[in-house]
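# Chain and residue survey
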Amino acid sequence: MDNKEASEAIDALSLTASSSNPSISTSQMRLEEKFKIVRSIGEECIQEDELMNLLAKKPQPVCYDGFEPSGRMHIAQGVLKALNVNKLTSAGCKVKIWIADWFAQLNNKMGGDLKKIEVVGQYLIEIWKAVGMNLEGGHVEFLWSSKEINSRAHEYWPLVMDIARRNKLPRILRCCQIMGRSEQDELTAAQIFYPCMQCADIFFLKADICQLGMDQRKVNVLAREYCDDIKRKNKPIILSHHMLPGLQEGQEKMSKSDPSSSIYMEDEEAEVNLKIKKAFCPPKVVEKNPCLEYIKYIVLPWFNEFKLERSAENGGDKTYKNFEELAADYESGNLHPADLKPALSKAINKILQPVRDHFKNDQKAKDLMKRVKSFKVTR
């Protein structure tokens with residue numbers, strides 16, 4: 001495949017493909033307002049001018065998100081993704097969520113058992129439904145990678161092969177972070193092929209925007225570099241969202257395989273209270289404080305406020321409307337961890353209660369959770 005053929009093949013999966021008409025509310029939204037909402041998803045945006053141009057020219061941009069079905073869901077994947085997806089759809093975007101079952105198998109999740117991986121994928125979808133991801137109106141689409149790739153294999157595999165052919169092995173190895181691996185890990189051939197496939201996904205799904213975590217940044221940049229290789233002007237825009245830390249000191253990323261690091265989406269109220277009670281939260285320290293990060297990235301966006309209940313001698317009740325005010329009080333010592341933690345627990349439990357109710361009252365969801373909890377999580 002030469003540069004011209006590759007570019008034409010990609011354009012057949014075009015970023016400028018026609019879209020369904022957005023709702024009246026989003027069509028009337030000012031461009032600046034759309035940009036502000038969409039841009040708020042990302043801790044980093046590559047590139048902002050391209051994003052503004054896209055929103056000005058395309059009524060319903062396609063946003064790509066994806067996940068490996070690899071075990072129980074924590075709040076970073078559950079609540080944060082629901083918040084981000086709802087923001088994107090409110091601004092008129094179409095969100096395609098790639099259920100990367102084949103990728104989980106390549107990465108040896110669930111021992112490479114595709115049937116178990118499918119069960120986990122169904123369980124995760126049930127959680128997003130229950131927590132409040134807006135799935136009305138067809139603006140969110142769940143796509144199983146195995147089914148989509150098999151149905152359009154003639155499009156997918158030549159693209160994967162062309163990406164693989166144009167990149168040296170060290171460049172691909174630098175993308176191993178996307179799988180939760182490092183360049184020093186002993187990788188299987190399947191795991192080396194994985195980044196080429198994920199890069200191809202972006203074009204295969206006709207994505208205008210890659211909306212993934214900062215840990216996926218390298219493969220998204222690889223997609224933009226591929227566009228340079230084939231002389232393609234329309235590059236996927238990268239919106240890399242913030243990675244929530246684990247609950248313990250020094251845990252830069254919440255790990256679903258470490259119960260002490262994660263709050264799971266169906267954790268009982270007492271479990272949430274205990275985990276937050278034990279969480280790292282040094283007095284007067286804002287930097288790298290997981291409890292404060294959960295307030296900033298989950299509680300405040302969800303409720304638009306953070307309610308603090310405390311005795312009069314400790315300052316009385318207070319409601320924070322923004323993180324800056326809360327951080328200032330915490331750094332000065334006016335807000336103590338002993339008061340912050342119970343308020344954080346209460347807010348998180350309020351978000352998670354509909355999920356608990358769903359998994360208690362819906363038989364399908366209950367059965368799925370039981371099966372997922374019985375699976376051994378493999379790295």
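Per an unreviewed UniProt entry, the protein goes by the name Tyrosine--tRNA ligase 1, cytoplasmic and belongs to Nicotiana tabacum.

Note on pairing: side chains with opposite charge can pair once their charged atoms come close. In this structure the tally under the stated criterion is 24 salt bridges. With its nearest N and O atoms 2.8 Å apart, the salt bridge here joins Arg152 to Glu155. The closest approach of N and O atoms between Asp162 and Arg165, which form a salt bridge, is 3.0 Å. In this pair, Asp162 and Arg165 are both assigned in helix H9 (residues 153-165), three residues apart and thus about one turn of the helix distant. Through salt bridges with shared partners, a single ionic network connects Arg72, Glu266, Asp267 and Lys275.

Of all six residues that make up strand E2 (residues 62-67), six are buried, and the element is covered over most of its length. In this sheet, strand E3 (residues 94-99) lies alongside E2 in parallel orientation, the contact comprising six bridges. If you follow Val62 over to E3, its bridge partner there is Lys94. Of the crossover connections in this fold, the one passing from E2 over helix H5 (residues 75-90) to the parallel E3 is right-handed. The pairing of E2 with strand E5 (residues 209-213) spans two bridges and is parallel. Note on E5: the bridge partner recorded for Cys63 is Ile209.

Cut-off values and rules
- Residues numbered from 1 in each chain as written.
- Predicted model: local features only at pLDDT ≥ 70, side-chain atom pairs only at ≥ 80, totals over all residues.
- Heavy atoms only, no water.
- Salt bridge = Lys/Arg side-chain N within 4 Å of Asp/Glu carboxyl O.
- Helix = DSSP H or I, 4+ residues; strand = E, 2+ residues; numbered from the N terminus.
- Buried < 20%, exposed > 50% of the residue type's maximum accessible area, 1.4 Å probe, protein only.
- Pairing = 2+ DSSP bridges.
- Right-handed = clockwise from strand over helix to strand, strands pointing away.

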